[in-house]
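For reference, the chains in residue letters:
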Amino acid sequence: MVDLKQTRDMAFKLAAQRNNKIEKTIYDGYSSIYLASTSNVKDTFKLYDNYQKVLSIGSTGAHGFEALLNNASQVDLFDINELQRIYYELMKTAIMILKYEDFIKYFTLKIHKDYYTQSEIKDLLSHELYEKIKNYLPDEVNYVYGPLYDYYDSIDLIFSKLYRFEHPLSLKYLKRFISFYNEEEYYKLQKILRTNPAIINFKRASLTEVPDNFKRDYDLIILDNILQYYKDFPELDDLDKVDNFIKNHLAKLLSENGIIQVNYGYQLAAEALKVELASISLKDFNPIKGLIIVQEIVNGINNMLIKNKKGYTYDFIPGVEQTGENLVLSYKK
């Protein structure tokens, strides 16, 4: 059972710390909140079809919302980070209540920069947003966010460790990779959520807890890039453990022809696999980049599963970086 007081206390603890440096992602129960997905969600979903029931990593809900826009009939989300779940409920409520232009005002930025002035981010998750939607928010969200907005200026919250602010939030970027940031899809999603809010549900659970916490026969399971950090999971810290978890535990949740999107790899992962496949050469890179790619080949979960285990397939899709492609690894039951 979730301890709301602990959730609020942890939110205040993070809000009191300045976000002065980019730190390694740590997946735990109360960690910094992602403000938007960092993956090419649109093109990931284009790889799959004929899915009705979807289980996905929670985060901001972007993958779940994309599934709904692609006619999924039921979506379940999971995430170990309780603060991320609270933020998701805030964003979901905003989508259900706000006009498109207001949502864009409060959840995106005009351009992506390394440094922002206060005037450039004054609307992002502002007090004005909270005042507009607070009467529609679940009680648990108000319990956490109400005191935060009473105590802190919204700009101070953005620059604190409560949020991960190093990833792009520009509207142009988000519209390219996530459907609901586009006006037509936004209103389509809003209608879906208003008509049936229970069509999408979010449960706090770690990846390794998923098989014991969800029981549906899913047509599609989306893990995004969680397994990029497989070594941080004691239960999944080597190749055999990952393969066993995918095939003998997670796959039990699949329907007869179900598919698991096992991992999402960014440009480095895509390049490492292309080197392994000999479609590009290490000679195409400078020595330092070449060494990094070799390390990814040796330690990255994508290359190891594709090379050493059966049943895994891969696709290259347009990358979220300025150049290059990203990698999507899949497993079909």
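What you see is a predicted model, and the numbers here were worked out from it, not measured in a lab.

**Student:** Just to check I follow, could you spell out the packing of helix α12 (residues 239-248) against helix α15 (residues 301-308) for this structure?
**Tutor:** Axis angle and axis distance: for two packed helices, these are the angle between their axes and the distance between the axes, and together they describe the pair. Where α12 meets α15, the closest approach of the two axes is 11 Å, and the angle between their N-to-C directions is 75°. As far as their axial angle goes, α15 and α12 are roughly perpendicular. Contacts from L239, V242 and D243 in α12 reach I301, M304, L305 and N308 in α15. Grouping the constituent residues of the contact of α12 with α15 by class yields five nonpolar, one polar and one charged.

**Student:** For this particular structure, what's the right way to read the sheet that holds strand β7 (residues 254-265)?
**Tutor:** Sheet strands line up and pair through hydrogen bonds in the backbone, either parallel or antiparallel. A sheet is described by the order of its strands in space; here seven strands give the open sequence β5-β3-β2-β6-β7-β9-β8, paired in mixed fashion. Of all the strands in the sheet, the pair left with one neighbour each is β5 (200-204) and β8 (312-318). Direction aside, neighbouring strands of the sheet carry axes that sit 20° apart on average. Of the strand pairs in this sheet, β7 and strand β9 (residues 325-332) are connected by six bridges, and their pairing is antiparallel. Across the sheet, the residue bridging to G265 is L327, located in β9.

**Student:** Please clarify how the environment of Y331 should be interpreted in this entry.
**Tutor:** Following the sequence through the fold, Y331 ends up in strand β9. Every residue in contact with Y331, bar those within four places of it in the chain, is listed here: I246, K247, A251, G258, I259, I260, V262, K310, G311 and Y312.

**Student:** What is the right way to read the nonpolar core from this model?
**Tutor:** Taken as a class, soluble globular proteins show a tendency for nonpolar side chains to be buried jointly. The biggest cluster of nonpolar side chains holds 78 residues, and the ones touching the most others in it are Y87, F103, L125, Y145, Y163, F165 and F180. For this core, the element with the most residues is helix α4 (residues 82-97), which contributes nine residues. Filtering out sequence-adjacent residues up to four positions away, Y163 remains in contact with N19, S32, I33, L35, Y87, L125, Y145, L157 and I158. Ranked by size, the runner-up nonpolar core spans 31 residues in total, among them L227, I246, I260 and Y312.

About the criteria used
Residues numbered from 1 in each chain as written. Predicted model: local features only at pLDDT ≥ 70, side-chain atom pairs only at ≥ 80, totals over all residues. Heavy atoms only, no water. Axes fitted to C-alpha atoms, helices over the stretch in contact; angles between N-to-C directions. Helix = DSSP H or I, 4+ residues; strand = E, 2+ residues; numbered from the N terminus. Parallel < 35°, antiparallel > 145°, perpendicular 65-115°, else oblique. Contact = heavy atoms within 4.5 Å. Nonpolar A, V, L, I, M, F, W, Y, C, P; charged D, E, K, R; others polar. Pairing = 2+ DSSP bridges. Core = buried A, V, L, I, M, F, W, Y, C linked by side-chain atoms within 4.5 Å. Buried < 20%, exposed > 50% of the residue type's maximum accessible area, 1.4 Å probe, protein only.

Everything listed here is a matter of geometry and, on its own, says nothing about what the molecule does.
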